[in-house]
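Here are the chains, one letter per residue:
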Amino acid sequence: MSNLFGNIGNSPKMNRQTLESRFSAARSNLLIMIAFTAINLVMLATNSGYYFLFSASIPYIIVDISMFICGMYPEEFYIGDFEGMAYVDKSFFTVILVIAFIILAAYLVCWIFSKKNKVGWIIAALVMFSMDTLVMLGYYGIDFSMIVDIAFHIWVIVILSMGISAHYKLKKLPAEETLIEGEFTELPVDEEATEEKNAEVVLEQIETHPESEVDGKIDN
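Here we summarise the structure given alongside this text. On a predicted model such as this, the values are computed, not experimentally measured, just so you know.

Analysis parameters
Residues numbered from 1 in each chain as written. Predicted model: local features only at pLDDT ≥ 70, side-chain atom pairs only at ≥ 80, totals over all residues. Heavy atoms only, no water. Helix = DSSP H or I, 4+ residues; strand = E, 2+ residues; numbered from the N terminus. Buried < 20%, exposed > 50% of the residue type's maximum accessible area, 1.4 Å probe, protein only. Patch = residues over 30% accessible without salt bridge, like charges linked within 9 Å, V, L, I, M, F, W, Y side chains within 5 Å. Areas by Shrake-Rupley, 256 points an atom, 1.4 Å probe, with all protein chains shown as cover. Salt bridge = Lys/Arg side-chain N within 4 Å of Asp/Glu carboxyl O. Phe/Tyr/Trp six-rings, centres within 6.5 Å; stacked < 30°, edge-to-face > 60°. Polar contact = N/O pair within 3.5 Å; in protein donor to acceptor, adjacent residues only side chain to side chain. Axes fitted to C-alpha atoms, helices over the stretch in contact; angles between N-to-C directions. Parallel < 35°, antiparallel > 145°, perpendicular 65-115°, else oblique. Left-handed = near helix turned anticlockwise from the far one by under 90°. Contact = heavy atoms within 4.5 Å. Nonpolar A, V, L, I, M, F, W, Y, C, P; charged D, E, K, R; others polar.

1. Digging into the overall build of the chain
Counting secondary structure elements, the chain contains 7 helices and 0 strands. When its helices and strands are written in sequence order, the chain yields α-α-α-α-α-α-α. Counting all 220 residues of the chain, 30% fall into the buried class.

2. A closer look at a nonpolar patch on the surface
Nonpolar side chains collect at one region of the surface, where Leu-31, Leu-108, Val-109, Ile-112, Phe-113 and Trp-121 lie side by side and expose about 470 Å² of accessible area between them. The dominant element in the nonpolar patch, judged by the number of residues it contributes, is helix α3 (residues 91–113), at 4 residues. With respect to the helices and strands, the residue Phe-113 is situated in helix α3. You can call Phe-113 partly exposed: its relative accessible area is 42%.

3. Details of the packing of aromatic side chains
All chains considered together, the criterion is met by 9 aromatic pairs. Judged by centre distance (5.1 Å) and plane angle (65°), the rings of Tyr-78 and Tyr-87 are edge-to-face. The class of Tyr-78 is buried, set by a relative accessible area of 4%. In this structure Tyr-87 comes out as partly exposed when scored by relative accessible area, which is 44%. An aromatic cluster is defined as three or more aromatic residues linked by ring pairs; in this entry it consists of Phe-68, Tyr-78 and Tyr-87.

4. Digging into the side chain of Ser-114
Here Ser-114 is to be found in the loop between α3 and α4 (119–140). Assessed through its relative accessible area of 0%, Ser-114 is described here as buried. Engagement of the side chain of Ser-114 in a polar contact is seen with the side chain of Arg-27, the distance being 2.8 Å. For Ser-114, the side chain forms a polar contact with the main-chain oxygen of Trp-111, separated by 2.9 Å.

5. A look at the packing of α3 against α4
Relative orientation of the contacting elements α3 and α4 amounts to 155°, with a least axis distance of 8 Å. As summarised for this structure, α3 and α4 are arranged roughly antiparallel, according to the angle between their axes. The two elements α3 and α4 cross, and the hand of that crossing is left-handed. Contact residues: α3 offers Ala-106, Tyr-107, Val-109, Cys-110 and Phe-113, while α4 offers Trp-121, Ala-124, Ala-125, Met-128, Phe-129 and Asp-132. Residue classes in the contact of α3 with α4 are distributed as 10 nonpolar, no polar and 1 charged.

This is the structure we're talking about:
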């Protein structure tokens, strides 16, 4: 399967390439989530009416609420219970938007610093996204209309968890285990060392055997 999914198939013996692929998949999915969340924030702030899945909820929720209380939505949003509502100054929206992007930047920092198999940053991203999922469930509730959003959040949590698990399994592999099962490579031969070893063997034979016997072996 592609790197996005990280070779999810089960196998009796997991090789190094599969484990590295899973860690890479965790980082790839994290980056995709960051990108879609940023796009969603821009589309929300511009009242485009579009929304992409596979994104974090907390930044979106706080910007959505700030836009509402600042009166930035169309008038029909305020008909009924909210008619005549006193709006908060729009500078509040600016502050909240900055906070939303700071949250997003925290995810980006986790992605950047996890590049060299530094699993602690992926763990931090997993903790943040798990909290994000809990906030999403608490704010929207478990509703049929939220099934797809919930599924994508679970997907990201699973992929990040698999990447973390793969990292620790990689650490347990022997340092010399770098070949994929079923593939072999020829080890380099040090010809100079081989010649020196042969010379040592001949000298040892000269010291331990009669001269005539050694001479006969050398002549042969």
